[in-house]
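# Topology and contacts: notes
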Amino acid sequence: MALKPDRRQTETMRPDARWAFARYRAIAHRLPQPARPWPKHSYRILDLDYVLKRYDGFILDAFGVLNIGEGVLEQALKRVATMRALGKKVMVLTNGASAPRAEALAKYRGWGFDFADTEVIASRDLAGAALAGRGGLWAGIVPERAGFADLPGDVRALDDDLLGRADGFLFLGSQDWTDAKQAALVAALKARPRPVICANPDIVAPREDGFTWEPGHWAHQLPVPVEYHGKPFAGAFDAALAAMGLPPERVAMVGDTLHTDILGGHAAGCATVLITGHGFFKGVDPDSFIEATGIVPTFIADET
């Protein structure tokens, strides 16, 4: 039997950009610390057209760059088409882990993108590779009716029984996650510590009507060490660069968040482009956030 649903998630607790930023600042010490210096300042550009000829490849975030929630960004379709025409290599690197990669690919293609199977890396894939060979019974945290057929090993949907019986927990999606469910998981881990793999380190995700809390927000509150797979952690960028076959200095990471896309891309040795017209910074001036963190993008673009 699944964990009892709790529909009391209050809309007042949905984060805005400043609240989400404060949450990122609180866990910043757990994120990668780049060895190379940050740019002294960012170049302001209108959109990605202004940098397409500078780099041989582009790693694109999904939420906030290609789409907002379930809606595609029309300018992203045009920009990817231009990249193709110029012979640029393109890779989507997404922390979306709720659905199997095949579903994500189908969604992108339904929107009009022409991404090949090898041009999309989801953090779910990276977590699955880390799970392979570990054995044991794993409890998966995902939206209701989501499956695990694409993942190795014995992964089952978390329920009340598995809170005590599972050998580990795999945090994939938090659409149905609540404070009550979080408290139950924390109590279970305090009673018997077990490994936790978080396949989506994002704190928030942009939607049509604001932000939602994502698995990273909840995972950083757990009383055990958590293994993270996805941006900004190095494994995600290593996989993307290896698939592209390009040196990092010839690649630009394009995203809408400082602590995932820009931090991770810079730590990997890539140039970075912060999109501010939609996604995390829509309607918010990023300058004070950049100054507060010292996370400085190579470029700041109004649009994808």
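Here's what I pulled together on the structure shown here. Nothing here was measured: the structure is a model prediction, and the numbers come from that model.

## A look at the overall build of the chain
Secondary structure summary: the chain contains 10 helices and 16 strands in total. The C-alpha radius of gyration of the chain comes to 19 Å, within 12% of the 19 Å expected for a compact globule of 304 residues. By principal-axis analysis of the C-alpha atoms, the chain measures approximately 55 × 40 × 35 Å. Burial statistics for the chain: of 304 residues in total, 56% are counted as buried.

## Re the environment of Gly110
With respect to the helices and strands, Gly110 occurs in helix 3 (residues 101–111). A residue is classified by how much of its surface remains accessible, and Gly110, at 65% relative accessible area, is exposed. Separated by 54 residues in sequence, Gly110 and Gly164 have C-alpha atoms that sit 41 Å apart.

## Details of helix 4 (residues 123–131)
Most of helix 4 is tucked away: 7 of the 9 residues are buried. One or two steps after helix 4, the chain reaches Gly133, where phi turns positive at roughly 85°.

## Things to note about the pairing of strand 2 (residues 57–60)
With burial as the criterion, each face of strand 2 is covered, one bearing Gly57 and Ile59 and the other bearing Phe58 and Leu60. Sheet topology places strand 2 next to strand 5 (residues 89–94); 4 bridges connect them, and they run parallel. Bridge pairing links Gly57 to Lys89 in strand 5. The pairing of strand 2 with strand 14 (residues 251–255) spans 4 bridges and is classified as parallel. By the bridge assignment, Ile59 is partnered in strand 14 with Met253.

## Some details on the nonpolar core
In this structure, Leu158, Phe169, Leu185, Leu258 and Phe280 are the most contacted members of the largest nonpolar core, which totals 45 residues. In terms of nonpolar packing, the next biggest core, distinct from the first, is built from 34 residues, Ile45, Ala76, Trp111 and Ala301 among them.

## Some thoughts on the pattern of salt bridges
Taken as a whole, this structure holds 14 salt bridges when the rule is applied. Across the salt bridge formed by Arg84 and Glu119, the nearest N and O atoms sit 2.7 Å from each other. Pair noted here: Arg84 is in helix 2 (residues 74–85) and Glu119 is in the loop between helix 3 and strand 6 (120–122), with a separation of 35 residues, a long-range link. Exposure remark for Arg84: the relative accessible area of 25% places this residue in the partly exposed category. Look at Glu119 and you get buried, because its relative accessible area is 15%. For Arg124, the salt bridge is made with Asp150, and the minimal N-O distance between the two is 2.8 Å.

## A closer look at the sheet that holds strand 6
The 7 strands are arranged 1-16-15-14-2-5-6 in an open sheet whose pairing can be described as parallel. One side of each edge strand has no neighbouring strand; the edge strands of this open sheet are strand 1 (43–45) and strand 6. The mean inter-strand angle of the sheet, taken between neighbouring strand axes irrespective of direction, is 20°. Two strands pair when backbone bridges link them, and strand 14 and strand 15 (residues 271–275) are joined in this way by 4 bridges, in the parallel orientation. Counterpart to Met253 in the pairing with strand 15 is Thr272. Sheet contacts for helix 9 (residues 258–267): strand 14 and strand 15; angle to strand 15, the most-contacted strand, approximately 165°.

## Details of the packing of helix 1 (residues 17–26) against helix 9
The N-to-C vectors of helix 1 and helix 9 enclose an angle of 50°; their axes lie 11 Å apart at closest approach. As judged from the angle between their axes, helix 1 and helix 9 are oblique. On helix 9, the residues that touch Phe21, Tyr24 and Arg25 of helix 1 are Leu258, His259 and Thr260. Considered class by class, the residues forming the contact of helix 1 with helix 9 number 3 nonpolar, 2 polar and 1 charged.

## Describing the sheet that holds strand 9 (residues 168–171)
On the basis of which strands lie adjacent, the open sheet formed by 5 strands has the order 8-7-9-10-13 and parallel pairing. In this open sheet, the two edge strands, each paired with only one partner strand, are strand 8 (154–157) and strand 13 (226–228). The sheet shows a mean angle of 25° between the axes of neighbouring strands, direction not considered. Taken together, the 3 bridges between strand 9 and strand 10 (residues 196–198) define a ladder with parallel strand orientation. Counterpart to Phe171 in the pairing with strand 10 is Cys198.

## As for the side chain of His217
Following the sequence through the fold, His217 ends up in helix 7 (residues 215–219). Ignoring any residue separated from it by four or fewer positions in sequence, one finds His217 in contact with Arg23, Asp202 and Ile203.

## Some words on the side chain of Thr178
Mapped onto the elements of the fold, Thr178 is located in the loop between strand 9 and helix 6 (179–191). A polar contact is formed between the side chain of Thr178 and the backbone nitrogen of Lys181, at a distance of 3.2 Å.

What counts, and at which threshold
- Residues numbered from 1 in each chain as written.
- Predicted model: local features only at pLDDT ≥ 70, side-chain atom pairs only at ≥ 80, totals over all residues.
- Heavy atoms only, no water.
- Helix = DSSP H or I, 4+ residues; strand = E, 2+ residues; numbered from the N terminus.
- Rg over C-alpha atoms; globule rule 2.2 N^0.38 Å.
- Buried < 20%, exposed > 50% of the residue type's maximum accessible area, 1.4 Å probe, protein only.
- Pairing = 2+ DSSP bridges.
- Core = buried A, V, L, I, M, F, W, Y, C linked by side-chain atoms within 4.5 Å.
- Salt bridge = Lys/Arg side-chain N within 4 Å of Asp/Glu carboxyl O.
- Axes fitted to C-alpha atoms, helices over the stretch in contact; angles between N-to-C directions.
- Contact = heavy atoms within 4.5 Å.
- Parallel < 35°, antiparallel > 145°, perpendicular 65-115°, else oblique.
- Nonpolar A, V, L, I, M, F, W, Y, C, P; charged D, E, K, R; others polar.
- Polar contact = N/O pair within 3.5 Å; in protein donor to acceptor, adjacent residues only side chain to side chain.

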